[in-house]
Amino acid sequence: MEGLTVTVNGQPRGIQDAKPHTTLLNWLRDGGLTGCKEGCAEGECGACAVLVSRPDGRGGTRLESVNACLVMLPAMNGQEVITAEGIGSPGHLHPVQHEMAVRGGSQCGYCTPGFVISMAAEYYRPERRDGEHHTPNGFDIHSLSGNLCRCTGYRPIQDAAHALGT
Ligand code: FES
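All of the points below concern the structure found in this document. Keep in mind the model is a prediction, meaning the values are calculated, not measured.

So, about the packing of aromatic side chains. Enumeration over the complete set of coordinates arrives at 2 aromatic pairs. Aromatic side chains Phe115 and Tyr154 sit 6.5 Å apart centroid to centroid with 65° between the ring planes, which places their arrangement in the edge-to-face category. Taken together, the positions of Phe115 in helix 3 (residues 112-124) and Tyr154 in helix 4 (residues 154-163) put the pair 39 residues apart, joining distant regions of the chain. Of the residues examined, Phe115 reaches a relative accessible area of 1% and is grouped as buried. Accessibility expressed as a relative area gives 35% for Tyr154, which makes it partly exposed. Relative to Tyr124, the ring of Tyr123 lies with its centre 5.1 Å away and its plane at 90°, an arrangement referred to as edge-to-face. Using a relative accessible area of 25% as the deciding quantity, one classes Tyr123 as partly exposed. One cation-aromatic arrangement involves Arg13 over Trp27; the distance from NZ or CZ to the ring centre is 5.9 Å. Taking the ring centre of Tyr110 as reference, the NZ or CZ of Arg150 above it sits at 4.4 Å.

Here it is as structure tokens:
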């Protein structure tokens, strides 16, 4: 297989020996980005979520939350991925991370990066106020429907999501 390039957290990474069956999740974790977790490995729990930049149909791009356990690495050639490690900046939490931290939404921490990713996708969704199922402040709580919490402590996570509306 020819070489691939995937941009991760703003840094292009060349891949010379990608196996067709290597998942994006395993590749990221093997490369040291262990924020994304393997929970179910079949697209049910969202622990492996990452942001992928996709065309928005208007000539620009949008960030979508994608379950990295379901994506084969070769399919990511030329694409841009943002992991939980790339959400904030050194010394500065992203607003999503901040709200999860101050409201106690991180709990055991295993599902947290996935929730942060899905919240960030909703945070940046351009038409955030246009659809149904919105909270009063414009954050669509259903954007977190693909993320499971094993601690069953959804209330602080929900509180963090509500606080993100503007
Ligand atoms: Fe559960 Fe990917 S590991 S959705």
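Having put the structure on the table, let's press on.
It is worth spelling out the sheet that holds strand 3 (residues 49-55) at this point. With mixed pairing, the 5 strands of this open sheet are ordered in space as 2-1-5-3-4. Only two strands of the sheet have a single neighbouring strand rather than two, namely strand 2 (11-15) and strand 4 (61-67). If you compare each strand with its neighbour and ignore which way they point, the axes differ by 35° on average. As judged from the 7 bridges shared by strand 3 and strand 4, these two strands associate in the antiparallel manner. Paired with Val52 across the two strands is Glu64, which belongs to strand 4.

We now examine the packing of helix 2 (residues 95-102) against helix 3. Two numbers describe how helix 2 lies on helix 3: the axes approach to 9 Å, and their chain directions differ by 130°. As summarised for this structure, helix 2 and helix 3 are arranged oblique, according to the angle between their axes. The handedness of the crossing between helix 2 and helix 3 is right-handed. Side by side, helix 2 and helix 3 meet where Pro95, Val96, Gln97 and Met100 of the first sit next to Thr112, Phe115, Val116, Met119, Ala120 and Tyr123 of the second.

For the rest of this paragraph, the subject is the environment of Cys45. Within the fold, Cys45 resides in the loop between helix 1 (24-30) and strand 3. When its relative accessible area of 13% is taken as the criterion, Cys45 is described as buried. Each C-alpha atom of the pair Cys45 and Val102 lies 24 Å from the other, and the pair is 57 residues apart in sequence. Apart from residues no more than four positions distant in its own chain, Cys45 is found in contact with Gly39, Cys40, Gly146, Asn147 and Leu148.

Conventions adopted
Residues numbered from 1 in each chain as written. Predicted model: local features only at pLDDT ≥ 70, side-chain atom pairs only at ≥ 80, totals over all residues. Heavy atoms only, no water. Phe/Tyr/Trp six-rings, centres within 6.5 Å; stacked < 30°, edge-to-face > 60°. Helix = DSSP H or I, 4+ residues; strand = E, 2+ residues; numbered from the N terminus. Buried < 20%, exposed > 50% of the residue type's maximum accessible area, 1.4 Å probe, protein only. Lys NZ or Arg CZ within 6 Å of the ring centre and 35° of its normal. Pairing = 2+ DSSP bridges. Axes fitted to C-alpha atoms, helices over the stretch in contact; angles between N-to-C directions. Parallel < 35°, antiparallel > 145°, perpendicular 65-115°, else oblique. Left-handed = near helix turned anticlockwise from the far one by under 90°. Contact = heavy atoms within 4.5 Å.

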